[in-house]
Amino acid sequence: MVNLIASHIVKPAKPEVMYLSECDQCKPLTYATIVHFYKPENPELLKDATRVLKDSLSEALAAFYPLAGRLFQKDGGRVELRCNSMGALLLEAQSELKIEDFGDFCPSPQISALIPPIDYNNTPLHEVPLLLGQITRFACGGVSLGLAVSHVIVDGQSGCHFAAEWAKIARGEKSDDQPYLDRTILQQYEEYPSSIAPKLQYSDFYPLPVLIGQSSSLEERKKATTCAMFPLSKEQIEQLKNNVNNHHDLVHKTSNHPPFSRFVAVSAHIWKCLSKARMHSPDQETVLYVTVDFRSRLKPPLPGRYFGNAVLPVPARAIAGDLQSRPPSYASSKIKEAIDKVTDEYVRSYLACMKNMPEVSSSRHFHTVGCAQGLFFGNPNLLITSWVGLDVYKVNFGGGEATSMTPGSLGYDGRLFLIPGPNGDGSLIIPLRLQVEHINAFKKYFYEDI
């Protein structure tokens, strides 16, 4: 006869501490948020959604185990990733709304309610899960899955890779596209020989220009902002591309140059219209930051399934008077030149620059509205991230692909995304946060000037 006296869960005394690259360390401590909406023809497909998502998430985290860990503060604003298997948070919620009540799915308090809340001010960093999800059931029979994931742990490509594998497991399929988890591979790119100085300095990336007549961005941070969606049809995008490419050929009297991409053409149009809407002085310096993935730009390139951050914000600089008076090919050229600069040497210089910073907090920005900390990419600047190359709708957990998706929030003035339209027809959806006083003028110029 054996009498059970006690039961104990025993965890490792010293959990694995995973190396974080300099590219990870300079990312915001806030979370990237995204909401997928599902409305299958047969609602029965979703009746066991919570159980299916919970069980499959547990299995997915076995492969993507850094997402089950926690971040801890270190000196110099840096953080440490402890893979201590503390797990992810998954909530289940019910709403009286229907999916169609969300209209164009513009980020809003209604959308934010579909994502687990995070109290950045009062919760210690090490107590916040690195991955949080919320399943919300609607009156129409549809559901949403809202996700929040730490910016320090993943970029867009890594986040989509994880979501795709999680969904594959939920469908009963084998997860066979494993992540490359060894972030120490980036150390070889962060080390510059002591005899060679990095070609780029911190001033090549930051600080950001402020409005003429102001000594800091403090006043602009305080101004009221709002979000809006700006859809572009395939025909409108082609018109913008034709405008910039035809004018470039006319000026240079050649058509031998590679044509500007739709990303460059659309971004240039946004930059010019935004400068007009903000009523910039002709002498005002303005910077458009483009998020560039450098996995394939390094020599040797990173493994394709490298799991971590491998993106950096690249500045394209111009004077407002030139942006507004010169043809659209001018802004397009500035953006393309900035992107083309992202070579192996450029990335190495960036990483070495970050590594040499005793305090990294000053190079972070925060995705929270009205935050007075960190970098500010708002007026007279902007920051664009493209999700065009990511399979953002093909996250199928067994009830079909997402019918709609949206960022859960946009944290500050001048923040925007380029998102492919849900029908795969070549259209784009552009969610943008802008100061209230500028939003109507921007909408006017954005569509009139195509």
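Residues numbered from 1 in each chain as written. Predicted model: local features only at pLDDT ≥ 70, side-chain atom pairs only at ≥ 80, totals over all residues. Heavy atoms only, no water.

Draft legend 1. Highlighting the domain arrangement of the protein. Per the domain assignment, the segments of the protein are domain 1 (2-186) and domain 2 (209-448). Here domain 1 and domain 2 have C-alpha centroids that lie 26 Å from each other. Taken together, the contacts link 62 residues of domain 1 with 52 residues of domain 2. Taking both sides of the interface into account, the surface hidden between domain 1 and domain 2 amounts to around 4900 Å²; carbon and sulfur atoms contribute 61%. Of all residues in domain 1, Pro107, Gln157 and Leu186 bury the most surface against domain 2, accounting for 12% of the area lost on that side. Linking domain 1 with domain 2 are two salt bridges. (Domains from an automatic or database assignment. Contact = heavy atoms within 4.5 Å. Buried area = accessible area lost by both parts, 1.4 Å probe. Salt bridge = Lys/Arg side-chain N within 4 Å of Asp/Glu carboxyl O.)

Draft legend 2. Expanded view of the sheet that holds strand 7 (residues 143-150). One open sheet accounts for five strands, arranged 5-6-7-2-12; its pairing is mixed. Two strands close off the open sheet at either side, each with one partner strand: strand 5 (89-94) and strand 12 (404-407). Here the average twist between neighbouring strands, direction ignored, is 15°. Relative to strand 7, strand 2 (residues 31-38) is paired through eight bridges, and the arrangement is antiparallel. By the bridge assignment for strand 7, Thr33 is matched with Ala148. (Pairing = 2+ DSSP bridges. Helix = DSSP H or I, 4+ residues; strand = E, 2+ residues; numbered from the N terminus. Axes fitted to C-alpha atoms, helices over the stretch in contact; angles between N-to-C directions.)

Draft legend 3. Quick look at the packing of helix 8 (residues 262-277) against helix 12 (residues 436-448). Orientation of helix 8 relative to helix 12, taken along the N-to-C sense of each, is 135°, at an axis distance of 8 Å. Taken as axis vectors, helix 8 and helix 12 run oblique relative to one another. Like other packed secondary-structure pairs, helix 8 and helix 12 cross with a definite hand, here right-handed. Along the contact surface, helix 8 presents His269, Ile270, Cys273, Leu274, Lys276 and Ala277, while helix 12 presents His438, Ala441, Phe442, Tyr445 and Phe446. Across the contact of helix 8 with helix 12, the residue classes break down as eight nonpolar, two polar and one charged. (Parallel < 35°, antiparallel > 145°, perpendicular 65-115°, else oblique. Left-handed = near helix turned anticlockwise from the far one by under 90°. Nonpolar A, V, L, I, M, F, W, Y, C, P; charged D, E, K, R; others polar.)

Draft legend 4. Quick look at the nonpolar core. Counting residues in each nonpolar core, the largest one holds 70 residues, and the members touching the most others are Phe294 and Phe442. In terms of residue count, helix 8 provides more of this core than any other element does, 10 residues in total. There are two domains that each give this core at least three residues, and those are domain 1 (2-186) and domain 2 (209-448). Counting 65 residues, the second largest nonpolar core, distinct from the first, contains Leu125, Ala148, Ala167 and Phe307. (Core = buried A, V, L, I, M, F, W, Y, C linked by side-chain atoms within 4.5 Å. Buried < 20%, exposed > 50% of the residue type's maximum accessible area, 1.4 Å probe, protein only.)

Draft legend 5. Local environment of the environment of Asn243. With respect to the helices and strands, Asn243 occurs in helix 7 (residues 234-252). Between the C-alpha atom of Asn243 and that of Trp387, which follows or precedes it by 144 residues, the distance is 23 Å. Contacts of Asn243, omitting those with residues within four sequence positions, involve Pro328 and Ile450. A distance of 2.8 Å separates the side chain of Asn243 from the side chain of Gln239, its partner in a polar contact. (Polar contact = N/O pair within 3.5 Å; in protein donor to acceptor, adjacent residues only side chain to side chain.)

Draft legend 6. Representation of the sheet that holds strand 13 (residues 415-420) in the model. A sheet is described by the order of its strands in space; here six strands give the open sequence 8-14-13-11-9-10, paired in mixed fashion. The sheet terminates laterally at strand 8 (225-232) and strand 10 (311-319), the two strands that pair on one side only. Neighbour-to-neighbour, the strand axes of the sheet open up by a mean angle of 20°, direction not taken into account. Two elements, strand 13 and strand 14 (residues 428-435), share four bridges in a ladder whose sense is antiparallel. If you follow Arg415 over to strand 14, its bridge partner there is Arg433. Contacts from helix 8 reach strand 8, strand 9 (285-293), strand 10, strand 11 (382-386), strand 13 and strand 14 within the one sheet, and its direction differs from that of strand 11 by about 155°.

Draft legend 7. Region of interest: helix 10 (residues 328-340). For helix 10, with 13 residues, the first-to-last C-alpha span of 18 Å sits near the 18 Å given by 1.5 Å per residue. Considered for burial, the residues of helix 10 that qualify are Ser329, Tyr330, Ala331, Ser332, Ile335, Ala338 and Ile339. (Expected span 1.5 Å × (residues − 1).)

Draft legend 8. Inspection of the packing of aromatic side chains at higher detail. Counted by the stated rule, this structure contains 18 aromatic pairs. Seen from their ring centres, Phe102 and Phe138 are 5.5 Å apart, and the 70° between their planes marks the pair as edge-to-face. Within this pair, whereas Phe102 is found in the loop between strand 5 and helix 3 (109-112), its partner Phe138 is found in the loop between strand 6 (131-137) and strand 7, the two being separated by 36 residues in sequence. Residues Phe102 and Phe138 agree in their burial class; the two are buried. Between Trp387 and Phe417, the aromatic rings sit 4.6 Å apart at their centres with planes inclined by 50°, giving tilted as the arrangement. Residue Trp387 is located in the loop between strand 11 and strand 12, and its partner Phe417 is located in strand 13; the two are separated by 30 residues in the primary sequence. (Phe/Tyr/Trp six-rings, centres within 6.5 Å; stacked < 30°, edge-to-face > 60°.)

Draft legend 9. Quick look at the packing of helix 8 against helix 10. For the pair helix 8 and helix 10, interaxial distance at closest approach is 8 Å and the crossing angle is 120°. The orientation of helix 8 with respect to helix 10, classified from their angle, is oblique. Relative to helix 10, helix 8 is oriented so that their crossing is right-handed. Here Phe263, Val264, Ala265, Ser267, Ala268, Trp271 and Lys272 of helix 8 come into contact with helix 10, specifically with Pro328, Ala331, Ser332, Lys334, Ile335 and Ile339.

Draft legend 10. Looking closely at the side chain of Lys168. Turning to its location among the elements, Lys168 is positioned in helix 4 (residues 156-170). Look at Lys168 and you get buried, because its relative accessible area is 16%. At a separation of 3.1 Å, a polar atom in the side chain of Lys168 contacts the side chain of Asp176. Sequence-distant contacts of Lys168, that is, excluding residues within four places in its chain, are made with Glu173, Lys174, Ser175, Asp176 and Asp177.

Draft legend 11. Expanded view of helix 12. Of all the positions in helix 12, only His438, Ile439, Phe442 and Phe446 are classed as buried. Taken together, the buried residues of helix 12 touch strand 8, helix 8 and strand 14.

Draft legend 12. Main features of the pairing of strand 3 (residues 70-73). Judged from the four bridges that link them, strand 3 and strand 4 (residues 79-83) form a sheet pairing that is antiparallel. The partner of Phe72 across the bridge, within strand 4, is Glu80. Between strand 3 and strand 4, which follow one another and run antiparallel, lie five residues, and Gly76 among them has a positive phi close to 70°.

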